[in-house]
Amino acid sequence: MYDFWKATSIRALRTICQTAIAIIGTATLMSDVNWQMVVSASALAGILSVLTSIATGLPEVEYQRHIYMSADEPEDSVIEEEGEQDGEE
């Protein structure tokens, strides 16, 4: 569960920064930036990112879970092809 919240917070922070950069980038001058809109839109984007992560899950956390689960499988589950054992052809 810790991995999920860590990945969710990283994703939300990236979304907040991307939104802020996009809104700031639309202004011609720094004095033209509507800072209230930057903060408001960035916060909303972060909240939506967290809610989306909760609703749909995160692929990177699912991938890590898959790796951990496959590491627990016994090695004897690997089947060798016939004819390749001990140099037989």
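Above: the structure in question.
As the structure is a computational prediction, the values presented were derived from the model and not from experiment.

A. Examining the packing of helix α1 (residues 2-25) against helix α2 (residues 35-56) more closely. One way to put it is that α1 packs onto α2 with a least axis distance of 8 Å and a crossing angle of 150°. The angle between α1 and α2 falls in the class roughly antiparallel. The interaxial crossing formed by α1 with α2 has right-handed handedness. In this structure, α1 uses Phe4, Trp5, Thr8, Arg11, Ala12, Thr15, Ile16, Thr19, Ala20, Ile23 and Ile24 to contact α2, whose residues at the interface are Trp35, Met37, Val38, Ala41, Ser42, Ala45, Gly46, Ser49, Val50, Ser53 and Ile54. Across the contact of α1 with α2, the residue classes break down as 14 nonpolar, 7 polar and 1 charged.

B. Highlighting the packing of aromatic side chains. The tally for this structure, following the rule as stated, stands at 1 aromatic pair. Both rings, one in Phe4 and one in Trp5, keep their centres 5.1 Å apart while their planes meet at 80°; by these two values the pair is edge-to-face. When its relative accessible area of 15% is taken as the criterion, Phe4 is described as buried. Look at Trp5 and you get partly exposed, because its relative accessible area is 41%.

C. Expanded view of α1. In this model α1 runs 35 Å from its N-terminal to its C-terminal C-alpha over 24 residues, within 8% of the 34 Å that 1.5 Å per residue would give. Taken together, the buried positions of α1 are occupied by Phe4, Ala7, Thr8, Ala12, Thr19, Ala20 and Ile23.

D. Focus on the environment of Val39. Among the secondary structure elements, Val39 is positioned in helix α2. With a relative accessible area of 58%, Val39 lands in the exposed category. For Val39 and Thr19, which are 20 residues apart along the polypeptide, the C-alpha to C-alpha distance reads 9.3 Å.

E. Local environment of α2. Taking 1.5 Å of rise per residue, the 22 residues of α2 would be expected to cover 32 Å, and the 31 Å separating its terminal C-alpha atoms lies within 8% of that figure. Against α1 lie the buried residues of α2.

About the thresholds
Residues numbered from 1 in each chain as written. Predicted model: local features only at pLDDT ≥ 70, side-chain atom pairs only at ≥ 80, totals over all residues. Heavy atoms only, no water. Axes fitted to C-alpha atoms, helices over the stretch in contact; angles between N-to-C directions. Helix = DSSP H or I, 4+ residues; strand = E, 2+ residues; numbered from the N terminus. Parallel < 35°, antiparallel > 145°, perpendicular 65-115°, else oblique. Left-handed = near helix turned anticlockwise from the far one by under 90°. Contact = heavy atoms within 4.5 Å. Nonpolar A, V, L, I, M, F, W, Y, C, P; charged D, E, K, R; others polar. Phe/Tyr/Trp six-rings, centres within 6.5 Å; stacked < 30°, edge-to-face > 60°. Buried < 20%, exposed > 50% of the residue type's maximum accessible area, 1.4 Å probe, protein only. Expected span 1.5 Å × (residues − 1).

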